[in-house]
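Report on the structure
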Amino acid sequence: MSKDGFKSGFVAIVGRPNVGKSTLMNHIVGEKIAIMSNKAQTTRNKIQGIYTTDEEQIVFIDTPGIHKPQNSLGDFMVKSALSALHEADAIWFVVNADEERGRGDDFIIERLKDVKTTPVYLVINKIDLVHPNELLDIIATYQGIEGMEWAEVFPISAKTGANVQELIDNVAGKLEAGPQYFPADQITDHPERFVIGELIREKVLQLTSQEVPHSVAVVIEKIERESDEKIQIQATIVVDRPGQKSIIIGKQGAVIKQIGIRARKDIERLLGDRVNLTTWVKVEERWRDKPQALQSYGYSAEDY
Ligand SMILES: Nc1nc2c(ncn2[C@@H]2O[C@H](COP(=O)(O)OP(=O)(O)OP(=O)(O)O)[C@@H](O)[C@H]2O)c(=O)[nH]1
């Protein structure tokens, strides 16, 4: 649900193995991570954790494609990892204060140089293991790298929590107004389901301007892997008047076709896979008055 003044966005966390990404996630979102990482890996760009307050929601994503040596990657993997980075609102590049900058770090920095539009944070973790006097020298080894500019530099300790809240607050300050993609306390088997619905809903609203009220609901009926590189998604757009249905469908289906094309592009970026999206429009009169309908469309009664 969109709330007035609510902000949301996506933060991609990258860094070579063992720098403490999971520990950082754990510190930020606690137990929820265990639930997230137990989920079958249907997507390549995994949602790692979700941080929600009354004012904002940050969805943390992992882009495994960027961590692997290039020769073992298909073009598609690289592209999808990179497009996820471009689409994120911020990137946290996590390094280890206790170890020298190495090839694994440089490999990722090379990829990050291509990301021009998203702010990249240098997050120096494990500062509890080094003397504060050493910090400036450590930071210096990451500065002045040609073609790489850090939007912010944050020394932290994921283990003790030092400076982590400051890091979160800083990135939250950069987010734009947006919907609460996930319920604050509920992580489902398919955490992407809600976001996918919101992406489709957004396209409906964009393409029908004022003619279709914000109350339109999108139900994701099915998310199924069709092949190694393709996911089948079936969505139903629910409206409460036949007139709205014809607006959404448009002349000879022109509008619904555009909705599908635009939503599919965004969903592909989110999931890092190709998507086959089918959308239906259904009229359910006064669905918002029916508690049962509300529940099946993913809203709880308190939302209205
Ligand atoms: N002292 C200290 N140890 C830390 C800190 N953050 C993480 N560690 C330790 O570093 C090790 C690696 O941490 P992980 O969180 O598993 O690292 P990761 O980056 O998620 O590693 P991969 O899952 O392999 O990518 C663990 O033993 C952590 O306990 C920190 O701030 N200080």
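Computed from a predicted model, the values in this text were never measured in an experiment.

Here we come to the overall build of the chain. Each helix and strand counted, the chain has 10 helices and 10 strands in total. In the chain, which comprises 304 residues, the share counted as buried stands at 34%. Taking contacts inside the chain between residues at least 6 apart in sequence as the whole, the part at least 24 apart equals 69%.

Right, let's get into the sheet that holds strand 8 (residues 217-227). The strand order 8-9-10 describes an open sheet built from three strands, whose pairing is mixed. Pairing within the sheet leaves two strands with one partner each, and these edge strands are strand 8 and strand 10 (274-283). Adjacent strand axes in the sheet meet at a mean angle of 15°, parallel and antiparallel pairs treated alike. Inspection of the sheet shows strand 8 paired to strand 9 (residues 230-239) by nine bridges, in the antiparallel sense. Paired with Lys222 across the two strands is Gln234, which belongs to strand 9. Of the strands in this sheet, strand 9 and strand 10 are in contact with helix 8 (residues 242-249), which crosses strand 10 at around 150°.

So, on to the site of the ligand. The immediate surroundings of the ligand are formed by 15 residues, with Pro17, Gly20, Ser22, Thr23 and Lys159 found nearest. It is helix 1 (residues 21-29) that provides the largest number of residues to the shell around the ligand, a total of three residues. Of the residues contributing to the shell around the ligand, the split by class is four nonpolar, seven polar and four charged.

If you look at the biggest cluster of nonpolar residues, it comprises 64 residues, and the most contacted ones within it are Val11, Ala12, Ile91 and Phe93. Per-element tally for this core: the top contributor is helix 9 (residues 254-271), with seven residues. Structurally, this core is a two-domain feature, drawing no fewer than three residues from each of domain 1 (7-177) and domain 2 (191-303). With near-sequence residues (within four places) excluded, Ile91 lies in contact with Ala12, Val14, Leu85, Leu112, Val115, Thr118, Val120 and Tyr121.

The rules behind each value
Residues numbered from 1 in each chain as written. Predicted model: local features only at pLDDT ≥ 70, side-chain atom pairs only at ≥ 80, totals over all residues. Helix = DSSP H or I, 4+ residues; strand = E, 2+ residues; numbered from the N terminus. Buried ≥ 20, exposed ≤ 12 C-beta atoms within 10 Å, placed from the backbone. Contact = placed C-beta atoms within 7 Å. Pairing = 2+ DSSP bridges. Axes fitted to C-alpha atoms, helices over the stretch in contact; angles between N-to-C directions. Near = placed C-beta within 6 Å. Nonpolar A, V, L, I, M, F, W, Y, C, P; charged D, E, K, R; others polar. Core = buried A, V, L, I, M, F, W, Y, C linked by C-beta atoms within 7 Å. Domains from an automatic or database assignment.

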